[in-house]
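What the coordinates show
Listed below are the residues making up each chain.
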Amino acid sequence: MPLYIIEHPAALLNMKQKEKVCKEITRIHCDVTGALPSFVNVVFHTTDDNVEFVNNKLRHKSRIVGNIRADRSAAEKESLINQINDAWFTIVGERCHLVALNEVKSENAAEDGILLPAAGQEFEWLAKHMETFEKRAEKGEETSQDLLADLKAMQSKI
Amino acid sequence: MPLYIIEHPAALLNMKQKEKVCKEITRIHCDVTGALPSFVNVVFHTTDDNVEFVNNKLRHKSRIVGNIRADRSAAEKESLINQINDAWFTIVGERCHLVALNEVKSENAAEDGILLPAAGQEFEWLAKHMETFEKRAEKGEETSQDLLADLKAMQSKI
Amino acid sequence: MPLYIIEHPAALLNMKQKEKVCKEITRIHCDVTGALPSFVNVVFHTTDDNVEFVNNKLRHKSRIVGNIRADRSAAEKESLINQINDAWFTIVGERCHLVALNEVKSENAAEDGILLPAAGQEFEWLAKHMETFEKRAEKGEETSQDLLADLKAMQSKI
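Residues numbered from 1 in each chain as written. Chains lettered and ligands numbered in written order. Predicted model: local features only at pLDDT ≥ 70, side-chain atom pairs only at ≥ 80, totals over all residues. Heavy atoms only, no water.

With respect to the packing of helix H3 (residues 122–138) of chain C against helix H4 (residues 142–157) of chain C
Residue and element names in this part refer to chain C. Contact pair H3 / H4: the axes reach a minimum separation of 9 Å and the direction vectors enclose 125 degrees. Here H3 is positioned oblique relative to H4, judged by the angle of their axes. The crossing of H3 and H4 is left-handed. Only Ser144, Gln145, Leu147, Leu148, Leu151 and Met154 of H4 make contact with H3, whose side of the interface consists of Phe123, Leu126, Met130, Phe133, Glu134, Arg136 and Ala137. Here the contact of H3 with H4 is built from residues that sort into nine nonpolar, two polar and two charged. (Axes fitted to C-alpha atoms, helices over the stretch in contact; angles between N-to-C directions. Helix = DSSP H or I, 4+ residues; strand = E, 2+ residues; numbered from the N terminus. Parallel < 35°, antiparallel > 145°, perpendicular 65-115°, else oblique. Left-handed = near helix turned anticlockwise from the far one by under 90°. Contact = heavy atoms within 4.5 Å. Nonpolar A, V, L, I, M, F, W, Y, C, P; charged D, E, K, R; others polar.)

Structure (structure tokens):
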């Protein structure tokens, strides 16, 4: 978490644009919430096989649903939505029809088998599981390796 | 918003039935909530590539998930669900296995880049953004053109 | 309900593993919540056509989202998540990247056209709709036949 799911017509974005959208969403999410980039999931899913209507008319639109941990402030959520909309418009050249945030209670989610912390409890959570992450990274698990690299990068900035 | 997502086996609905289901969902949603049809999104997604189980048995069922703004009354939501189930049964000829409403806080969603109003704040929101919608409609953006047509049709009824 | 949706790369699970995962999720959900197996939906959806990133890197991960009725206790939800993660790891041989529970208010969902009961109101709800289930089972509707079989099995244990 977060998990941003982007549904779009295939012809609307090429691979380069997908990489850019992913980079911007990852950057914006980390800027606004303080999350580490190694936690950010971005998924692109084409909808060409769907039949889609708006206003009873056949219209094929793009949508972004961001599954984020609950308890972010209204200001943070507004900033996420507005910045993501702006980034999309710049990269894709047309508006994203719908951007929505779906709030998941932290107690309702686990990543790589470890229950997530409540917002504000991230440091205690990292400390508690650090040995696990280090063991996994040694065994070659990429997500733990990425997390440790994130933490090193963060420390070097302090 | 709303965004109704219908997952179904391909063979269950032909194009005519999809159009009818869309028309009925759009009509029911606007009847019950007072929304304008230009805001109603209906998406059909076939699930033939899925492997699906109910009760540990391979069973391929239909599902409708309606993503609606939060704060609708229990009576409104019950009416939405019951009317949609009835319409589906009439058009498709078998029950829809699951109909569920997922409530999205209005502050958590934007359409075409504009944050949505809370339920009950629609008129202030329309007034605030009218100039934007008019400019977009002039430039040829369909969703703004549809919204203005909706508003005209509504005024002619008053 | 519940509806567990599993998104995974096609090559990760063969049919036998899908059956095992389904069986385990169904068993765990019924153990923890007291639900009847005839209500448990498990859907497997391959994501090979997606473009997926974690930490700005192309990475294809598995995800399980369980749509469950609201009002389960924190202990129940933790148990669901941990047991599902353990079962997945045993059957699939690698961690599931994300397991999340999405809580749906009981008043917001209907199954086969019948609105769901609040947690704790299941027996009253069954009694109220028993005649409907019996009529449907006689007419050959599988989900009602399965529910009646579940109830019989449960009674024989008392």
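Considerations on the relation of the copies chain C and chain A
Mapping chain C onto chain A leaves a residual RMSD of 0.0 Å; the transformation is a rotation of 120 degrees accompanied by 0.0 Å of translation along its axis. Both copies are brought into coincidence by an operation consistent with a three-fold rotation axis. Within chain C, C:Asn102 has its C-alpha nearest the rotation axis, a separation of 5.4 Å. (Least-squares fit on C-alpha atoms with pLDDT ≥ 70 in both.)

Some remarks on the pattern of salt bridges
Applying the stated criterion to the full structure yields 42 salt bridges over all chains. Across the pair A:Lys77 and A:Glu103 runs a salt bridge whose closest N-O atoms are separated by 2.9 Å. With A:Lys77 in helix H2 (residues 74–92) and A:Glu103 in strand S6 (residues 98–104), the pair connects residues that are 26 residues apart, well separated along the chain. Taking the relative accessible area as the measure of exposure, A:Lys77 reaches 1% and is therefore buried. One salt bridge in this structure joins A:Asp146 and C:Lys57, with 3.0 Å as the shortest N-O distance. Taken together, the residues span two chains, with A:Asp146 in helix H4 (residues 142–157) and C:Lys57 in strand S4 (residues 57–58). A residue is classified by how much of its surface remains accessible, and A:Asp146, at 7% relative accessible area, is buried. C:Lys57 sits in the partly exposed class, given a relative accessible area of 36%. By sharing partners, the salt bridges in this structure join A:Lys57, A:Arg59, A:Lys61, B:Glu142 and B:Asp146 into a single network. (Salt bridge = Lys/Arg side-chain N within 4 Å of Asp/Glu carboxyl O. Buried < 20%, exposed > 50% of the residue type's maximum accessible area, 1.4 Å probe, protein only.)

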